[in-house]
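What the coordinates show
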Amino acid sequence: MECVFGLVGNGFAIVAADTSAVHSILLHKNNEDKIMVLDSHKLVAASGEPGDRVQFTEYVQKNVSLYKFRNGIPLTTAAAANFTRGELATALRKNPYSVNILMAGYDNESGASLYYIDYIATLHKVDKGAFGYGSYFSLSTMDRHYRSDMSVEEAIELVDKCILEIRSRLVVAPPNFVIKIVDKDGARDYAWRQSVKDVTTAAV
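For the protein chain, an unreviewed UniProt entry supplies the name Proteasome subunit beta and the organism Arabidopsis lyrata subsp. lyrata.

Laid out in C-alpha cells, this is it:
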C-alpha cells in the first residue's frame, strides 16, 4: 500500500512518501526512507518492488554523480529525468524494473520542477503527481486545494491534508511519512509524520 506524492510551489518542490517496508502481509519496518537525495538540488521519490526501487535509484544516483565528475557540471533536473526515462525504456525491453519515480529538482535557470516517470518509461513534467494506492486520495485532495503560487507553509499544510486523507480512508494505510523539500538552498529533509514508532521484535 505504497504512497508517494509531490507538488511544485513558488520556488520549491516537495515530495512525500510512506516509510513502510512491506512484503506480502508482513510489515518489516516503519522507517524506510523512499526518497533519495540524488544530488545537492535533486530528489527522487520511488515506489515499487523494494529490490528494484533501491537498485535502480542508486544506479541513477551514481550515474548522475559520474556525469558531474567527468564533465565538471551537474545535470539539470530535466536532463536527469530524461536519463532516468531512457534507462527505464532500455530495461523495459530486456529486464524491466518495477519502479515508479517522482523526480523533483531546482535549477537556477528554470526554477523548481517535478517529473513523473512510471515503470513503462512514461515521462511528464507535472505540477503535482502521485503513485500507489494513496494516489487515489492525494491526487483528488491536491486537485481541490493546489495552487502554483503556494508558499512552503501552504504546501506543507496541503501535504498534511493528503496524509490525513490517506490515513482516514485507505483500508491498509501506512502510518508514517517522510517529507523532503528542494529549493535554491538545496535538497533536504523537512519533516517526518509519525503515528507509529519503528517495529521491534518482542522478546519471547
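Now that the structure has been shown, we can carry on.
Some words on the nonpolar core
In terms of nonpolar packing, the biggest core is built from 40 residues, with Phe5, Ile14 and Val159 touching the most fellow members. Apart from residues no more than four positions distant in its own chain, Ile14 is found in contact with Phe5, Gly6, Leu7, Ala155, Ile156, Val159, Ile179, Lys180 and Ile181. Formed by 19 residues, the second largest nonpolar core is a distinct cluster that contains Leu75, Ala80, Leu88 and Ile101.

A few points about the packing of helix 1 (residues 50-71) against helix 2 (residues 77-92)
Packing of helix 1 against helix 2 brings their axes to within 11 Å, and their N-to-C directions diverge by 130°. The orientation of helix 1 relative to helix 2 falls into the category oblique. The interaxial crossing formed by helix 1 with helix 2 has right-handed handedness. For the pair helix 1 and helix 2, contact is made by Phe56, Tyr59, Val60, Asn63 and Val64 and by Ala80, Phe83, Thr84, Glu87 and Leu88, respectively. Along the lines of polarity and charge, the residues of the contact of helix 1 with helix 2 split into seven nonpolar, two polar and one charged.

Examining the sheet that holds strand 8 (residues 111-117)
As summarised here, the arrangement of the five strands in space is 5-6-7-8-9, forming an open sheet in which the pairing is antiparallel. Edge positions in the sheet fall to strand 5 (35-39) and strand 9 (123-126), since each of these pairs with one other strand and no more. Going from strand to strand, the sheet's axes swing by 25° on average, the running direction of each strand aside. In this sheet, strand 6 (residues 42-48) lies alongside strand 5 in antiparallel orientation, the contact comprising four bridges. Across the sheet, residue Asp39 finds its bridge partner in strand 6, namely Lys42. In the packing of helix 1 onto the sheet, the strands contacted are strand 5, strand 6 and strand 7 (99-107), and the crossing angle to strand 5 comes to about 15°.

As for the sheet that holds strand 11 (residues 177-183)
With respect to topology, five strands assemble into an open sheet ordered 10-1-2-11-12, the strand pairing being antiparallel. Looking at the sheet topology across the chains shown, the edges are occupied by strand 10 (128-132) and strand 12 (186-193). On average, adjacent strands in this sheet sit at an angle of 15° to one another, irrespective of strand direction. Here five bridges tie strand 1 (residues 3-8) to strand 2 (residues 12-18), and the two strands are oriented antiparallel to one another. Residue pairing in the sheet places Val8 in a bridge with Ala13 of strand 2. Here helix 3 (residues 135-145) sits on the sheet in contact with strand 1 and strand 10, set at roughly 165° to strand 10.

A word on the environment of Ala155
Mapped onto the secondary structure, Ala155 falls in helix 4 (residues 152-169). Overall, Ala155 belongs to the buried group, its relative accessible area being 0%. Through-space distance from the C-alpha of Ala155 to that of Val8 is 8.5 Å; in sequence the pair is 147 residues apart. In contact with Ala155, not counting residues within four places along its chain, are Leu7, Phe12, Ile14 and Met150.

Focus on helix 3
Of the residues making up helix 3, those classed as buried are Ser135, Phe137, Ser138, Thr141 and Met142. Buried residues of helix 3 fall within an arc of 165° about the axis and therefore sit on the same side. Residues of helix 3 that are exposed and point over 90 degrees away from its buried face: Tyr136, Asp143 and Arg144. Among the structural elements, strand 1, strand 10 and helix 4 are those in contact with the buried residues of helix 3.

About the cut-offs
Residues numbered from 1 in each chain as written. Predicted model: local features only at pLDDT ≥ 70, side-chain atom pairs only at ≥ 80, totals over all residues. Heavy atoms only, no water. Core = buried A, V, L, I, M, F, W, Y, C linked by side-chain atoms within 4.5 Å. Buried < 20%, exposed > 50% of the residue type's maximum accessible area, 1.4 Å probe, protein only. Contact = heavy atoms within 4.5 Å. Axes fitted to C-alpha atoms, helices over the stretch in contact; angles between N-to-C directions. Helix = DSSP H or I, 4+ residues; strand = E, 2+ residues; numbered from the N terminus. Parallel < 35°, antiparallel > 145°, perpendicular 65-115°, else oblique. Left-handed = near helix turned anticlockwise from the far one by under 90°. Nonpolar A, V, L, I, M, F, W, Y, C, P; charged D, E, K, R; others polar. Pairing = 2+ DSSP bridges. Arc of directions from axis to C-beta.

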